[in-house]
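# Observations on chain architecture
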Amino acid sequence: MADDYLVRIGKLIRDARQHRGWTQTQLAEALGTSQSAVNRIERGNQNISLEMIARIGEALDSEIVSLGYAGPMHLRVVGGRRLSGAIDVKTSKNACVALLCASLLNKGRTVLRRVARIEEVYRLLEVLNSIGVRTRWINDGVDLELVPPADLDMASIDAEAAVRTRSIIMFFGPLLHRMDHFKLPYAGGCDLGTRTIEPHMIALRRFGLDIAATEGQYHAQVDRAIRPDRPIVLTERGDTVTENALLAAARHDGVTVIRNASSNYMVQDLCFFLEALGVRVEGIGTTTLTVHGVPTIDVDVDYSPSEDPVEAMSLLAAAVVTESELTVRRVPIEFLEIELAVLEEMGLDHDRSPEYSADNGRTRLIDLTVRPSKLEAPIDKIHPMPFPGLNIDNVPFFAAIAAVAQGKTLIHDWVYDNRAIYLTDLNRLGGRLQLLDPHRVLVEGPTRWRAAEMMCPPALRPAVVVLLAMMAAEGTSVLRNVYVINRGYEDLAERLNTIGAQIEIFRDI
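Cut-offs applied
Residues numbered from 1 in each chain as written. Predicted model: local features only at pLDDT ≥ 70, side-chain atom pairs only at ≥ 80, totals over all residues. Heavy atoms only, no water. Helix = DSSP H or I, 4+ residues; strand = E, 2+ residues; numbered from the N terminus. Buried < 20%, exposed > 50% of the residue type's maximum accessible area, 1.4 Å probe, protein only. Arc of directions from axis to C-beta. Axes fitted to C-alpha atoms, helices over the stretch in contact; angles between N-to-C directions. Parallel < 35°, antiparallel > 145°, perpendicular 65-115°, else oblique. Contact = heavy atoms within 4.5 Å. Nonpolar A, V, L, I, M, F, W, Y, C, P; charged D, E, K, R; others polar. Pairing = 2+ DSSP bridges. Phe/Tyr/Trp six-rings, centres within 6.5 Å; stacked < 30°, edge-to-face > 60°.

### Some details on unusual backbone geometry
In this model, F387 is joined to P388 through a cis peptide bond whose omega is 15 degrees. Mapped onto the fold, P388 is located in the loop between strand 17 (364-371) and helix 14 (395-403). We note that N139 has phi near 55 degrees; this positive angle belongs to a residue other than glycine. Inspection of the secondary structure assignment puts N139 in the loop between strand 4 (134-138) and strand 5 (143-147). With relative accessibility at 43%, the residue N139 sits in the partly exposed group. We note that R330 has phi near 65 degrees; this positive angle belongs to a residue other than glycine. Mapping R330 onto the fold places it in strand 14 (residues 326-332).

### Notes on helix 2 (residues 24-31)
Along an α-helix, residues three or four positions apart point the same way, because every turn accommodates 3.6 residues. Three or more residues of helix 2 are buried, namely Q24, L27, A28 and L31. The buried residues of helix 2 occupy an angular sector of 100 degrees when projected down its axis, which confines them to one face. Remark: G32 follows helix 2 within two positions and exhibits a positive phi of approximately 70 degrees.

### With respect to the packing of helix 12 (residues 309-321) against helix 14
One way to put it is that helix 12 packs onto helix 14 with a least axis distance of 9 Å and a crossing angle of 10 degrees. One way to sum up the angle between helix 12 and helix 14 is to call them roughly parallel. From helix 12, V310, M313, S314, A317, V320 and V321 reach across to helix 14, where they touch F397, F398, A400 and I401. Class assignment of the residues belonging to the contact of helix 12 with helix 14 gives a composition of nine nonpolar, one polar and no charged.

### What to know about the sheet that holds strand 7 (residues 209-214)
What the three strands build is an open sheet, ordered 6-8-7; its pairing is antiparallel. Both outer strands of the open sheet, strand 6 (181-185) and strand 7, are each paired with one neighbouring strand and no more. Between one strand axis and the next, the sheet turns through 25 degrees on average, direction left out of account. Two strands pair when backbone bridges link them, and strand 7 and strand 8 (residues 217-222) are joined in this way by six bridges, in the antiparallel orientation. Bridge pairing in strand 8 places T214 opposite Q217.

### Some points on the packing of aromatic side chains
Centre distance and the angle of the planes are the two values used to describe a pair of aromatic rings. A full pass over the atoms with the stated rule returns five aromatic pairs. Ring centres of F172 and Y218 lie 5.6 Å apart, and the angle between their planes is 70 degrees; this geometry places the pair in the edge-to-face category. On the criterion of sequence distance, the pair formed by F172 in helix 8 (residues 172-175) and Y218 in strand 8 is long-range, its members being 46 residues apart. The same class applies to F172 as to Y218, namely buried. Aromatic pair F273 and Y303: ring centres 5.8 Å apart, planes at 70 degrees, arrangement edge-to-face. One end of the pair, F273, is in helix 11 (residues 265-276); the other, Y303, is in strand 13 (residues 301-303), and 30 residues separate them in sequence. With a relative accessible area of 0%, F273 lands in the buried category. Look at Y303 and you get buried, because its relative accessible area is 6%.

None of the figures reported here should be taken as evidence of function without further support.
Structure (structure tokens):
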């Protein structure tokens, strides 16, 4: 029990430090102690007095221990309010996590601009720190600097952080160039049903990587004699599969052709970053990528990931569901064109600004103004397809949008085993959703939303959809344990409050 208490206190200190944007070294300097001592405290391996807890809280300007602080975070939502004004889209969560993994390719200093301050990023940073990568938030905590060690300490990997993110599987591509054998914990993340990593293995075996999964770990061995001698054909056009193949190809001394590649937004951002590292990539935005790898990468690189089209869709859906007029700025339009085409057919009233470039100089952005609209259910079903089709992660938002439209909408979420099931949580808020099978939901609208108290679904996008419905429902709703939302969105409740929502963050006493 005492050890568990120390671990909980350590996690609170770590979270407060990261929120402040400090490294362990900076906190150690403020306390007059060593970085190793701070590391032990955060891991729960150090007895700690109330006096020391108070000193740490003062240094970080945070109450480390107070009534209820250690419990899970909940949201209290006063619904039925109209949104107004303008809100900026943050940088892409999925691009940021891919670039964190890609930083392992580089022996030099990597600076990533405007990195999303989300739980998924924090978990990856904990893993990177544990194996020796020095990271620190710079420029008032807006940008992130990463400096790798000469040799990674894989024996000290933070397994607890690793199993809380599926992104850990993107370590395979960079690590196979750095060591002949290593271990990684099983990938975690959202509860979306069975998700095999076999497509990753099919691609990476071509670079000599062999994986055996036992006792909660992937055991990796690399045979340097095996090299890709013909084009790699991916067995699924997945985003992380394509990224892993790109990461492996980046330091392969030769030319690698990847076919049936995803051309989605995070893959394009990764390609742009690889080009900044000196790796030539042909075919960006297509399903065939030709990578001219370089065996050694040792450069100081500065890169700005683009904005997140899924967050843009979230904010767009928030305006639609609450019948509001809202301007969403910095929308990556090339990754939302199908969604907007469907919404136009449903009757969405909106305006678009002229296009302009993202900070990476490549991605096209617009400002999008949405107005209250009388929507009709689409004639065809809503279903995802690989880019340039309707984004897989945007499908859940159409459940909330269809719920306010006149008529019946069929949503076919064929990619994940469980996600469509979570959409029926909207029925607790007055929705009329009928689960036809684990992948298909029939949504009938319009909906008279009503307030409710409920647990957060364990999948990111359905969780946000429930939050949006609560914002539309008259009365006060409670959404409990919203860690999954914090995995993918930075300060979402606070940002929604700036445009007219009334959402209170609280913890159990």
